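Chain by chain, the residues run as shown.
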Amino acid sequence: YRLWTRPFIPNLEAPSFDERHYYERFMVTLHNNPNNVDLGKDVLFELITQDAAIMMTKAFDENTLPRLEKAISAIEAMGNTCEGENFDAFDDLLDRARVLQCWARTLRSVVAWVAAMYQHQAATTDAERAKHYAFLQDAIDKDLDNTRNLIDLLETTQHDLIVVSGDTETPFVYGENLIEQLHNKIALTEKYRNVDPYIDPDIMWRI
């Protein structure tokens, strides 16, 4: 699904084909796959319902992410009391916890997008639509911050945190140009974050 590198914007097809190509070319998908425009679906499967997305967003905010923050603080504090090989071990563990935090925040972005977009679609008043659009914009802010943190971590770490392909990107492994792709994601997100929310309900019937 290229979740680290694709933008979470109100209309996933707002960018042109050429702008999306850097991540879509490696997705296991066809031109009429609902996942191209809807993070809650894939082929004929419903991956995330509206109720599940609301519940999971709350769970990330109240449970998963605070616990990761607490763990990272504890690892950092223990590392500050060490030196030599012991410090190196905690430094490695700290960066691994941070990259896990980036991944958890990305998954939070997915469920928040589904929760916001589905509720916006179902809304019957302008006030409701404005509320859900504001929630989506807040989720976009959080994802941009997370993407910048991931770039900073990948650029500064002394450790091998994730597997990347030294040859070429594949559907299952990012390439060594991952940081460049993350910058592309930020640029597209900032360019298209204010478009009207839209999920094409008929994408499966495209020729």
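Residues numbered from 1 in each chain as written. Predicted model: local features only at pLDDT ≥ 70, side-chain atom pairs only at ≥ 80, totals over all residues. Heavy atoms only, no water.

Caption draft 1: The arrangement of the overall build of the protein chain in detail. Secondary structure summary: the protein chain contains five helices and two strands in total. Overall, the protein chain shows an N-to-C arrangement of helices and strands of α-β-β-α-α-α-α. Its C-alpha atoms give the protein chain a radius of gyration of 18 Å, near enough to 17 Å, the size a compact globule of 207 residues would have. Once the C-alpha set of the protein chain is aligned to its principal axes, its extents read approximately 60 × 40 × 30 Å. Within the span of the protein chain, comprising 207 residues, buried residues form 43% of the whole. Long-range pairs, those at least 24 residues apart, make up 75% of the contacts in the protein chain with a sequence separation of at least 6. In the protein chain, the 20 positive side-chain charges and the 35 negative ones have mean positions that sit 5 Å from each other. (Helix = DSSP H or I, 4+ residues; strand = E, 2+ residues; numbered from the N terminus. Rg over C-alpha atoms; globule rule 2.2 N^0.38 Å. Buried < 20%, exposed > 50% of the residue type's maximum accessible area, 1.4 Å probe, protein only. Contact = heavy atoms within 4.5 Å. Lys, Arg positive; Asp, Glu negative; His and termini not counted. Charge placed at Lys NZ, Arg CZ, Asp CG, Glu CD.)

Caption draft 2: Highlighting the pattern of salt bridges. Applying the stated criterion across every chain, the model contains 16 salt bridges. A salt bridge links Arg206 to Glu13; the nearest nitrogen and oxygen atoms lie 2.6 Å apart. One end of the pair, Arg206, is in the segment after α5 (178-192); the other, Glu13, is in the segment before α1 (17-24), with 193 residues separating them in the sequence. Relative accessible area serves as the criterion here: at 24%, Glu13 is assigned to the partly exposed category. Asp38 is the partner of Lys41 in a salt bridge, and the nearest nitrogen-oxygen pair spans 3.3 Å. Taking relative accessible area as the criterion, Lys41 reaches 27% and is therefore assigned partly exposed. (Salt bridge = Lys/Arg side-chain N within 4 Å of Asp/Glu carboxyl O.)

Caption draft 3: Quick look at α5. Here α5 is 15 residues long and its end C-alpha atoms lie 21 Å apart, about the 21 Å a rise of 1.5 Å per residue gives. Against the buried residues of α5 lie α1 and α4 (126-156). (Expected span 1.5 Å × (residues − 1).)

Caption draft 4: Structural view of the packing of aromatic side chains. One pass over the full model with this rule turns up three aromatic pairs. Ring centres 6.3 Å apart and planes at 35 degrees place the aromatic pair Trp4 and Tyr174 in the tilted group. Taken together, the residues span a long stretch of sequence, with Trp4 in the segment before α1 and Tyr174 in the loop between α4 and α5 at a distance of 170 residues. Residue classification places Trp4 among the buried residues on the basis of a relative accessible area of 8%. The exposure class assigned to Tyr174 is buried, which follows from its relative accessible area of 14%. Both rings, one in Tyr22 and one in Tyr23, keep their centres 5.2 Å apart while their planes meet at 80 degrees; by these two values the pair is edge-to-face. With relative accessibility at 13%, the residue Tyr22 sits in the buried group. Of the aromatic side chains, those joined through ring pairs into one cluster are Trp4, Trp103 and Tyr174. Note that Arg2 overlies the ring of Tyr174, its terminal NZ or CZ placed 4.7 Å from the centroid. (Phe/Tyr/Trp six-rings, centres within 6.5 Å; stacked < 30°, edge-to-face > 60°. Lys NZ or Arg CZ within 6 Å of the ring centre and 35° of its normal.)

Caption draft 5: Geometry of the nonpolar core. Counting 42 residues, the largest nonpolar core has Leu39, Trp113, Val114, Leu150 and Leu182 as the members making the most contacts within it. If you list the elements that add at least two residues to this core, you get α1, α2 (50-79), α3 (84-122), α4 and α5. Considering each element in turn, this core owes the most residues, 11 residues, to α3. (Core = buried A, V, L, I, M, F, W, Y, C linked by side-chain atoms within 4.5 Å.)

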